[in-house]
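Residue-level structure breakdown
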Amino acid sequence: MSASGRQPTHDLLAALLDGMDAALCAFDADGVVTHWNREAERILGWTAAEAVGRKGFSGWAARPADAQDVEDRLMAAQDVPGRQVHEFALQTKDGGRVLVRTQSAGVPGADGRPAGVYCAFTEVHAQIDLERSIALSDALMDDASWAVVLVDVDLRPAVVNARAARAFGSGRTDLLGRPLGDLLAQGAEELEAALQHVLAEGAPPGPAEMWVSVRTPEGERRCCWRCGFVRLGSPLAEEPVPLGVGWLFQDVTEDRQDALDTSRLRFRTAQLHRAGRAAAECEDPAEAAGVRLDFAIAGFADHALLDVLEPSADPGKPPRLVRTITAPPAPTGQGARPVPYEPGHPVLQALDRIGSVRASTTRGEAADGWARARLWPEGTAHALCTVLRSRGRTLGALTYLRSASRSAFDRADAAYAEEVAGRVAADLDLAHAASERP
């Protein structure tokens with residue numbers, strides 16, 4: 001190659017060496033320094049002009065007591081295959097000492113004989129920091145008590161640890177690259193908004209709790225996750241370039257559900273107490289029953305319907321159900337009227353069982369049509385029917401209704417409804433007994 005061809009090659013090699021993140025130096029077969037890059041200058045303070053051409057480190061980059069041992073161990077890499085790893089204390093230009101970790105390997109010549117050694121080195125504390133970071137990443141991905149998901153800039157899981165996979169009810173590889181909307185039936189929009197905020201603005205000041213519904217092979221599972229977020233940026237770019245988001249979360253569903261149950265029980269107990277005090281001020285027991293329903297539906301249901309059993313005018317026919325109270329009151333101010341429920345209606349089932357019956361629309365059934373067929377207000381999607389009993393007699397039925405925007409009634413709701421029904425039944429029984437007095 002001509003001189004003009006060798007110069008660009010030499011410039012390219014110098015640029016590559018100076019652009020390396022690791023400090024690098026090289027020795028010829030006699031131990032003379034032939035290369036010294038900028039990272040080596042940054043760590044030790046010696047410039048390339050001061051380093052190249054020196055034999056070994058003696059008298060400048062290592063103390064005299066250490067220099068021979070350092071040189072022997074470095075040059076020994078010529079005679080063994082592979083890389084050799086050592087730790088040395090080198091000397092900086094200002095007289096300080098730096099503990100470095102080196103990786104050295106022999107450089108063969110054109111004839112295959114040892115022609116020198118190259119040595120890459122970093123400060124030990126920087127290497128330890130790197131190893132700790134790698135160890136932390138491995139631990140988070142394998143043994144962490146938190147679920148960890150690395151989300152790319154397209155908001156899709158790129159790495160998932162075992163605990164996160166269990167939280168989603170799926171395998172680790174099954175989650176990779178899938179939109180969050182495919183994994184969550186509810187809560188995906190809120191989570192994506194949080195991730196986008198982290199990518200744009202950085203992590204929030206503290207963990208946030210989110211309620212989500214996870215799609216699993218067994219069906220949807222409602223969960224509360226305490227989430228923390230960390231924006232991931234490339235350490236190799238001059239300006240921060242987001243690589244994605246580190247999303248850590250814990251399942252706190254049981255704790256939050258216990259707290260919600262306790263709060264709900266406290267509120268309902270208070271409502272029963274307030275309803276009792278208000279009902280005690282009513283001269284008419286039937287009016288007291290309506291007052292109790294007004295208190296009962298607060299935070300519990302959208303509507304409450306009270307149907308009372310009345311004897312039929314025809315002695316041969318069974319008693320009929322008459323709608324006596326609606327909470328909140330109907331806008332038309334309708335009075336008591338018979339309600340012709342079809343056979344199999346949840347109210348009739350409750351009367352037959354002398355217990356509570358819960359009903360909800362199915363996904364394929366229109367809510368308005370479902371409610372209309374059962375003589376309930378439009379928009380009703382969930383119902384809870386319970387029987388009114390007093391002194392061993394059935395007096396009627398009490399129905400609570402919720403719209404589709406609310407959750408279905410559960411067992412705790414049924415227990416509360418039965419408690420209210422018992423008090424309303426006592427009011428109605430008292431009203432009936434008062435009406436029969438001469």
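Here goes a summary of the coordinates provided. Because the structure is predicted, anything quoted here is derived from the model rather than measured. (Residues numbered from 1 in each chain as written. Predicted model: local features only at pLDDT ≥ 70, side-chain atom pairs only at ≥ 80, totals over all residues. Heavy atoms only, no water.)

Glancing now at the pairing of strand β5 (residues 114-123). In this sheet, β5 lies alongside strand β1 (residues 23-28) in antiparallel orientation, the contact comprising 6 bridges. In the sheet register, D28 faces β5, and the bridge partner there is G116. Two strands pair when backbone bridges link them, and strand β4 (residues 97-108) and β5 are joined in this way by 9 bridges, in the antiparallel orientation. Looking at the pairing, V107 lines up with G116 of β5. (Pairing = 2+ DSSP bridges. Helix = DSSP H or I, 4+ residues; strand = E, 2+ residues; numbered from the N terminus.)

Right, let's talk about the sheet that holds strand β14 (residues 337-338) for a bit. Taking strand neighbours across the sheet as the criterion, the 6 strands line up as β14-β13-β12-β17-β16-β15 in an open arrangement whose pairing is antiparallel. Sheet topology places β14 and β15 (357-360) at the edges, where each strand pairs with a single neighbour. Contacts from helix α11 (residues 285-296) reach β12 (303-310), β13 (320-327) and β17 (393-403) within the one sheet, and its direction differs from that of β13 by about 60 degrees. (Contact = heavy atoms within 4.5 Å. Axes fitted to C-alpha atoms, helices over the stretch in contact; angles between N-to-C directions.)

A few words on the packing of helix α10 (residues 253-280) against α11. Taken N-terminus to C-terminus, the directions of α10 and α11 make an angle of 155 degrees; their axes are 9 Å apart at the nearest point. Judged on the interaxial angle alone, α11 and α10 are roughly antiparallel. Two packed elements cross with a definite hand, and for α10 against α11 that hand is right-handed. Contact residues: Q271, R274, A275, G276, A278 and A279 in α10; A288, V291, R292 and F295 in α11. Looking at the contact of α10 with α11, its residues break down into 6 nonpolar, 2 polar and 2 charged. (Parallel < 35°, antiparallel > 145°, perpendicular 65-115°, else oblique. Left-handed = near helix turned anticlockwise from the far one by under 90°. Nonpolar A, V, L, I, M, F, W, Y, C, P; charged D, E, K, R; others polar.)

On to the side chain of R101, then. Mapped onto the elements, R101 comes out in strand β4. Look at R101 and you get buried, because its relative accessible area is 19%. A polar contact of 2.7 Å, which involves the side chain of R101, links it to the side chain of E87. (Buried < 20%, exposed > 50% of the residue type's maximum accessible area, 1.4 Å probe, protein only. Polar contact = N/O pair within 3.5 Å; in protein donor to acceptor, adjacent residues only side chain to side chain.)

On their own, these measurements won't tell you what the molecule is for.
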